[in-house]
Amino acid sequence: MPSYTDAGDTPTRFDLLPGELAARVHSHVLESGDGLLDCWSYVTEGLWAQRQKELIFTLRREPWEGDDEFPRAPLKFLAQIYRLAQSGQRVDVGDFTQFGEAGLLGYNGLIYISPQPFSGIELSSPSLAAILVTEEELEAAKAFGFARLQARLGQASGHYPCPHWSDRSRAGLQMAGALKESVLTQISRLTVRGMSVRIESDCIVASLGPAARERLHQQLAQVPPDMPIALLTELDAGADGCLVWEPGQSEAAAITPPGSRGSRLSGCFLALVPGQQLNAGQVFEDGLMMLLTNDGWSSVHEAIQTQQPLSIQATTGLCLSLDWLEGSYVNPIDGSVHAAEGGWRTVEPEGDPPADEGASKVKQIVLLTPEHEVAARLSVEELSNYIERIKGAVRAYFAGLPAGAGQDLLIQFEVRGRGEVELKMASRPGVPAETLQELHDRLLALAAPDISHEAISFQVLFAIWNGSSN
């Protein structure tokens, strides 16, 4: 898990457009694969009034630069973003800004990615981060999607999935070879926002959020039925690693965060190749390729048109699964509605537990904190290990109790700094209050991950039954 120091001293505030737009410049230190980095973060206040997400632009300081010697050029750029938003030109994750010859701090472009929260730097409105890229990097991103560039930047910096700061002294990535040698140059490509793809349990899992649904349907309707197509996807925020590729690479490679097992690797694209003799999935470059029979291709089209889940078994290699994410989630505990641009991901384990695992089964896990924020605050591995401890505690507790049949128990966890946890519980039919209280106390006694800033919330829905009746 990356950790960040507090932002430190009071930031310097600038009224860029009095009464409309301001910016704070924080001087702080962050941890990276290269050790501690002295940085400035420029944070806007006022863009959201124009329906433009607030921007955070983090710049690594050179060793000779003092705390207050930050460049002023980014401030002028932020004011330009405000004026563009006023005219209806807005940017979001997956967009870019390309500069003329003058550039910005010696770079030709910016790409916009999901922000990484910093302790001590408040992001009170929807936000996105901007990072500087070279002209060669930007051209490759425009051709092959931002996920490929992010993975290469992450590989070069040793920071997963990619650095969210700009470094004026870094060497630009050599991307020209990819523009000539990648298999993607031979396939029609569609950029699909709100879609991600990963390898999990010998299967290609494509997750499609609300933003991807109608757009993908319209785009595929224009593709000839026999033409291979590559869907350029976003990085999967719930993955614990990402495929990475550069020309000359002979074997599949991936980058992972510290402590990860790499069991859920994000891909950078999904290539669909119809007209094949059998269905077969494989890793190709930094993406995933699914060879499809004509029937398999028709099933994909129909699933996208009807927005229904789909599972295609493979004759060899990886299978394919389409997973549609809901845009909002109604919390059964308090009735609140949670909305997320990328959709709410739920996990529904398959099959019943073995008879000796006790009288409980996990039916569903729901993240109440958006995935990219969870990923910024603790690793997938840390969260998975904590949930396993929760499942073990519930299983052990109900193993010796005649809890009855057909009961659902929903437990909501809010995990804060220093391993502090707040629990809320609800059940139907009602589990006795004294039973809930004792379980509540046991769950609070579990070791929880230490989150360095903000908090994360999630729910685990258990099915409880009378184990003694089996």
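## Observations regarding the pairing of strand S2 (residues 21-32)
Counting buried residues in S2 gives nine out of twelve residues, a clear majority hidden from the surface. With five bridges joining them, strand S1 (residues 12-17) and S2 adopt antiparallel strand pairing. From the neighbouring strand, Thr12 faces S2, where its bridge partner is Val25. The turn linking S1 back onto S2 is made up of three residues, and Gly19 within it adopts a positive phi angle of 80°. Taking the residues that link successive antiparallel strands as the turn, the S2-strand S3 (residues 35-45) hairpin has two residues.

## Description of the packing of helix H2 (residues 135-144) against helix H3 (residues 146-157)
Here H2 crosses H3 at 135°, and the two axes come no closer than 6 Å. With respect to H3, the element H2 is oriented oblique. Contacts from Glu137, Ala141, Lys142 and Phe144 in H2 reach Phe146, Arg148, Leu149 and Leu153 in H3. Split into classes, the residues belonging to the contact of H2 with H3 amount to five nonpolar, no polar and three charged.

## Side note on empty space enclosed by the protein
This model, assessed by the stated rule, comprises two cavities of 30 Å³ or more. Forming the walls of the largest cavity are Met195, Leu208, Leu216, Leu231, Leu270, Leu272, Val300, Ile304, Leu320 and Leu322. Elements supplying a minimum of two residues to the lining of the largest cavity: strand S14 (269-273), helix H6 (294-306) and strand S19 (319-324). In terms of residue class, the lining of the largest cavity is built from ten nonpolar, no polar and no charged. Taken as a whole, the second largest cavity encloses approximately 30 Å³ of empty space. Counting residues per element, the ones that place at least two in the lining of the second largest cavity are strand S4 (54-60) and helix H1 (73-86). By residue number, the principal contributor to the lining of the second largest cavity is H1, which donates three residues.

## Some words on unusual backbone geometry
Cis peptide bonds are those with omega within 30 degrees of zero, and the linkage from Tyr160 to Pro161 qualifies with -10°. Along the chain, the position of Pro161 falls in the loop between H3 and helix H4 (176-181). In this model, Arg51 sits at a positive phi of 60°, which is unusual for a non-glycine residue. Along the chain, the position of Arg51 falls in the loop between S3 and S4. Located in the positive-phi region is Leu105, a residue other than glycine, with phi close to 55°. Tracing the chain through its elements places Leu105 in the loop between strand S5 (96-98) and strand S6 (109-113). A relative accessible area of 24% places Leu105 in the partly exposed class.

## Some remarks on the confidence of the model for the chain
Parts of the prediction with low pLDDT should not have their coordinates interpreted in detail. Per-chain confidence: the chain averages 84 in pLDDT, with 86% of residues scoring 70 or above. The low-confidence segment residues 1-6, where pLDDT is below 50, has 26 contacts with residues more than four positions distant or belonging to other chains. Under a pLDDT of 50 for its full length, residues 348-357 has, in the predicted model, eleven contacts with residues more than four places off or in other chains.

## Some remarks on the environment of Thr134
Structurally, the position occupied by Thr134 is in the loop between strand S7 (127-133) and H2. A residue is classified by how much of its surface remains accessible, and Thr134, at 19% relative accessible area, is buried. For the pair Thr134 and Asn108, spaced 26 residues apart in sequence, the C-alpha separation works out to 5.4 Å. The contacts of Thr134, once residues within four sequence positions are left out, are Tyr107, Arg170 and Gly172.

## Quick word on the pairing of strand S24 (residues 407-415)
Here S24 lies mainly inside the structure; eight of its nine residues are buried. When S24 meets strand S26 (residues 456-464), the two strands line up antiparallel, connected through nine bridges. The residue bridging Leu409 from the neighbouring strand is Phe462, located in S26.

## Points about helix H8 (residues 380-399)
For H8, built from 20 residues, the straight-helix expectation of 28 Å at 1.5 Å per residue is met to within 8% by its first-to-last C-alpha distance of 28 Å. Among the residues making up H8, those that are buried are Val380, Glu381, Leu383, Tyr386, Ile387, Ile390, Lys391, Ala393, Val394, Tyr397 and Phe398.

## Side note on the pattern of salt bridges
A side chain with one charge can pair with a side chain of the opposite charge if their charged atoms come near. A full pass over the atoms with the stated rule returns 20 salt bridges. One salt bridge connects Glu45 with Arg24, and the closest N-O pair in it is separated by 2.5 Å. Here Glu45, found in strand S3, pairs with Arg24, found in strand S2; they are 21 residues apart in sequence, far enough to count as distant. Judged by relative accessible area, Glu45 falls into the partly exposed class, the value being 27%. Among the ionic pairs, Asp92 bridges to Lys53, the shortest N-O distance being 3.0 Å. Separated by 39 residues along the polypeptide, Asp92 in the loop between H1 and S5 and Lys53 in the loop between S3 and S4 bring together distant segments of the chain. On the accessibility criterion, Asp92 (22% relative accessible area) is partly exposed.

## Structural notes on the environment of Tyr397
Counting through the fold element by element, Tyr397 comes out in helix H8. Separated by 41 residues in the primary sequence, Tyr397 and Glu438 have C-alpha atoms spaced 9.2 Å apart. Setting aside chain neighbours within four positions, we find Tyr397 in contact with Thr435, Glu438, Leu439 and Arg442.

## Regarding the state of the cysteines
Within the structure shown, the criterion is met by zero disulfides. The closest cysteine sulfur to the non-disulfide-bonded Cys242 is located on Cys268, 4.1 Å from its own sulfur.

## Topic: the sheet that holds S2
Strand order in the open sheet formed by seven strands is S1-S2-S3-S4-S7-S6-S5, with mixed pairing between adjacent strands. Bordering the open sheet on either side are S1 and S5, each of which pairs with just one other strand. In this sheet, neighbouring strand axes are inclined to one another by 25° on average, regardless of whether the strands run parallel or antiparallel. Here S5 pairs with S6 via three bridges, running antiparallel. Within S6, the residue paired with Gln98 across the bridge is Gly109. This element, H2, spans S5, S6 and S7 of the sheet and lies at about 135° to S5. Lying on the sheet, H3 is in contact with S5, S6 and S7; it crosses S6 at an angle near 95°.

About the cut-offs
- Residues numbered from 1 in each chain as written.
- Predicted model: local features only at pLDDT ≥ 70, side-chain atom pairs only at ≥ 80, totals over all residues.
- Heavy atoms only, no water.
- Buried < 20%, exposed > 50% of the residue type's maximum accessible area, 1.4 Å probe, protein only.
- Helix = DSSP H or I, 4+ residues; strand = E, 2+ residues; numbered from the N terminus.
- Pairing = 2+ DSSP bridges.
- Axes fitted to C-alpha atoms, helices over the stretch in contact; angles between N-to-C directions.
- Parallel < 35°, antiparallel > 145°, perpendicular 65-115°, else oblique.
- Contact = heavy atoms within 4.5 Å.
- Nonpolar A, V, L, I, M, F, W, Y, C, P; charged D, E, K, R; others polar.
- 1 Å grid on protein atoms, 1.4 Å probe; cavity = no way out; pocket = protein on both sides within 12 Å on 5 of 7 lines; lining within 4 Å.
- Points joined across faces, edges and corners; volume = space filled by probe spheres on them.
- pLDDT = per-residue confidence, 0-100.
- Expected span 1.5 Å × (residues − 1).
- Salt bridge = Lys/Arg side-chain N within 4 Å of Asp/Glu carboxyl O.
- Disulfide = S-S within 2.5 Å.

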